[in-house]
Structure formats: C-alpha cells, structure tokens
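Below are the chains, spelled out letter by letter.
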Amino acid sequence: MGPHPAVAAIRLAVRRVLHDILTDHSRHSPAPGERVGGRIGVRLARPVADGPGVPGTPEAPEAPEQTPNERTPSPLVLVACSGGADSMALASALAFEAPRLGIRAGGVTVDHGLQPGSDLRAEEVVLRLRELGLDPVEAITVTVGRDGGPEAAARDARYAALDAALERHGGTAILLGHTRDDQAETVLLGLARGSGIRSLSGMAAVSGAGGRYRRPFLQLDRQTARKACMVQALPVWDDPHNADPAYTRSRLRHEGLPALEKALGKGVVEALARTARLSRDDADALDTWARQAEASVRDAAGLLECAKLYALPPAVRRRILRRAAIEAGAPAGSLFARHIEEVDRLITGWRGQGAINLPGKVVARRQGGRLVIRQG
C-alpha cells in the first residue's frame, strides 16, 4: 500500500523540482575528462528514485571509477521552514526524496524577532528538521526594518538571510512552501494595487539569482500540505500573524477570498492561480520585446529618442522607460505605475511640461526630442 494521497502529492511535486535541480547542476558540472582547476572532472551517475518515476526524466550514464577527490559534489538543497504546515510538509518531502536522488538536503528557519518567544520556536523548528534527517540545519535571527511596511520589511530581511545561508553552505537552491492559495492571494493583492500584468503574474516557480528559489507547491492547495502533516504526525505551528486582521494578506485570506467564493462559487483560487500562469507568460513575452526594441530607440549617444518611443506599443514603451529609470538609480521597489505614466506623458502628451521627479532622486525630462533620465 502506497503513501496517503496528500503525502504522495507533495513528494511528487518535490521530486520533479529536484530532478530539475539535478539537470541544472549537471549542466554546470565539469564533463568527464574535462580539466577544471588542474583536476579531471567526472560526472556522477544520477540515482533513480524509488517508486514511480517522473515522466521524461532521463537517467544519467554510469560514472567511471573515481577517487574521492575527483567526485563532483552532489548539490545541496535547503528548505526554508517556519514550522507551519506548508513548510513542514515541504521539509518532510525533501527529506524523503533527496537521498533517493543523491542530493544533500538541509534546512533554514528565520527568526524575525517580531513575537515573544520567537527564538524558542526557531530552536524547535531546528530540532524537527534534524529529526527528519536534514543536515545542515540552522536558525538565523534577523532585524526587521520599516521600509515598505511590516510585511515587506520582514520579507526583505528573510530573503537576505536565506541568500546568505545559501552562500555560506555552498547550496544550489532553496525550496519555499508557497501554495496555490498563496499564489491566489498574491494575484489579488497585485490587482488591488493596480500594478499591471507583471504583478498579476504572482510568484514564479523559479526565481532569484541563478534560479536559486524553487516553489514546488504552487499547483497544490494549502489543505493538501496540512493533510500531509497530519497523516505523518508532523507537529506544526500556526503563526498568529496569519490570523491578525492588522495585516492585509491576513484580511484577504480570512475575509476577502471567502467572500469571493461565496459570491462567485468554488474555484476562485484555482482561477486566480491560472491567471498568474497566463499573465507570467504574457509579461515575459513583453519584457523580451522591450529588451530587443530598446537598442532601436536610442541614438548614437545612447539617449532615448521620443519619436521612436512614441511609435512603440504602450506596454513595450513603458517597460523601456521603467528599465531606464532603474538603471539611472531609481529603486525598483519604489517605482510605481503612476511614476512611469508621468514619464510616458513626456512622450505621448508633450506640452512643454517640466521634469518628472522619480524615487532615488532620479529626474526625467525631455530635451531636444530626447528623453533624459538621470539622477538630479
């Protein structure tokens, strides 16, 4: 008899991501016989997972005899774990699947210091991860600032800590436990901000420098992760902030989404997650178009020509303007749609208006048919 369906679902999701990580890792590993740093590289064979395999995943050839000093080190994958149901389910699946694929697995928990006793809870999470067989495991304490509000500041501190942990341990990737429900909430938050199609695309399955962040559960609902923890008798911690109406996401989770499902019927979460996937495809295509078009709208001195910008579709033109503002020093997180719309009017609604002030002390002005964007 196989595992419970919820456990099977989370393991399959993690197995697929680990196969992707192995594939990426092998591409950057030295080929057999290739000299790297004075040594001959030898590619390891890829172990085959127990149970049903992942369709379309090739098996690596057997590796030749090799000494310990010649072996290509297996990748290290970390799981970011808060102790909640989503991340504990993810940690358990990683601990089960990683050894079967020859992957080293560890864990990191971040103590934001925002609640009494958070240090003790972080220690408990470390113990649970070690009981699952993960190694290395560590708790990292961070200081949360105030920029962008409490949720954004906590997120920035958390990702900075995770980046540092990955570098410190020489890891390849970090798994995050965001579910389909989290994706739906992210899409609605983007819609409320009026931030455009990129915001509606939600969270990417692969993100971060070099694709370091992986989200295996974006196609699974939150209830599946919780059920997997229950049947495996995994203790979980429910963060009280997730039920605190002071936080926008909490209100959306407990009031907004239930109201939408009551008004529109079941399936809202699935539809929003599908919207994120479709929006991401469109946004990626437009970003590529903008990158390719940018060179054609600059003069010999590298300045943007307003007439050529005007001829582009608005979605492409505004992407070029946003990119130019960021390159000039405007912080991406503080650059909103209204800023880009004001700059865009220097091209589409030119009436001799003055310069536009942007975040980061960046100024955009029109001069002699050119758009000049630089720090003031």
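The rules behind each value
Residues numbered from 1 in each chain as written. Predicted model: local features only at pLDDT ≥ 70, side-chain atom pairs only at ≥ 80, totals over all residues. Heavy atoms only, no water. Buried < 20%, exposed > 50% of the residue type's maximum accessible area, 1.4 Å probe, protein only. Helix = DSSP H or I, 4+ residues; strand = E, 2+ residues; numbered from the N terminus. Right-handed = clockwise from strand over helix to strand, strands pointing away. Pairing = 2+ DSSP bridges. Contact = heavy atoms within 4.5 Å. UniProt positions renumbered as here; feature names shortened; annotations may be inferred. Polar contact = N/O pair within 3.5 Å; in protein donor to acceptor, adjacent residues only side chain to side chain. Arc of directions from axis to C-beta. Axes fitted to C-alpha atoms, helices over the stretch in contact; angles between N-to-C directions.

> What's the story with the pairing of strand β3 (residues 76–80) in this structure? I'm lost.
Note on strand geometry: in a regular strand, side chains alternate between the two faces of the sheet. The element β3 is largely enclosed, with a buried count of five among its five residues. What you see with β3 is no split at all: L76, L78 and A80 on one side and V77 and V79 on the other are buried throughout. Handedness of the β3-helix α2 (residues 85–97)-strand β4 (residues 104–111) crossover: right-handed. In terms of strand pairing, β3 meets strand β6 (residues 173–175) through three bridges, oriented parallel. Bridge pairing in β6 links L78 to I174.

> Would you explain the side chain of S279 in this entry?
As for its position among the elements, S279 is in helix α9 (residues 268–294). Other than its neighbours up to four places away in sequence, S279 contacts I197, L200 and S201.

> For this particular structure, what's the right way to read the UniProt feature "binding site: ATP" (unreviewed entry) in the protein?
Those residues carrying the UniProt feature "binding site: ATP" (unreviewed entry) are S82, G83, G84, A85, D86 and S87 in this numbering. Examined against the element boundaries, S82 turns out to sit in the loop between β3 and α2. The class of S82 is partly exposed, set by a relative accessible area of 42%. Of note is the side chain of S82, whose polar atom sits 3.2 Å from the backbone nitrogen of G84. If we ignore the near neighbours within four places in the chain, the residues touching A85 are A225, R226, C229 and V236.

> Is there a simple way to explain helix α7 (residues 222–231) in this structure?
Looking at α7, one finds that the buried residues are R222, T224, A225, A228 and C229. Buried residues of α7, viewed axially, fall in a sector of 170°; they line one side. Summarising the geometry of α7, the exposed residues directed more than 90 degrees from the buried face are Q223 and M230. At its buried positions, α7 is contacted by α1 (5–28), α2, α5 (180–193) and α8 (248–264). Trailing α7 by a residue or two, A233 shows a phi angle of about 60°, which is positive.

> Before we go on, may I ask you to explain the side chain of S118 in this structure?
Inspection of the secondary structure puts S118 in helix α3 (residues 118–131). If we ignore the near neighbours within four places in the chain, the residues touching S118 are D111 and G113.

> Looking at this structure, how should I read the sheet that holds strand β8 (residues 213–214)?
Within a sheet, neighbouring strands are paired by backbone hydrogen bonds and run either parallel or antiparallel to one another. With mixed pairing, six strands are arranged side by side in an open sheet as β5-β4-β3-β6-β8-β7. Of all the strands in the sheet, the pair left with one neighbour each is β5 (137–141) and β7 (206–207). Taken together, the five bridges between β4 and β5 define a ladder with parallel strand orientation. Counted as the bridge partner of G107 is V137 from β5. Packing of α2 onto the sheet brings it into contact with β3, β4 and β6, and relative to β3 it is tilted by some 160°. The sheet strands contacting α3 are β4 and β5, and the helix crosses β4 at an angle near 170°.

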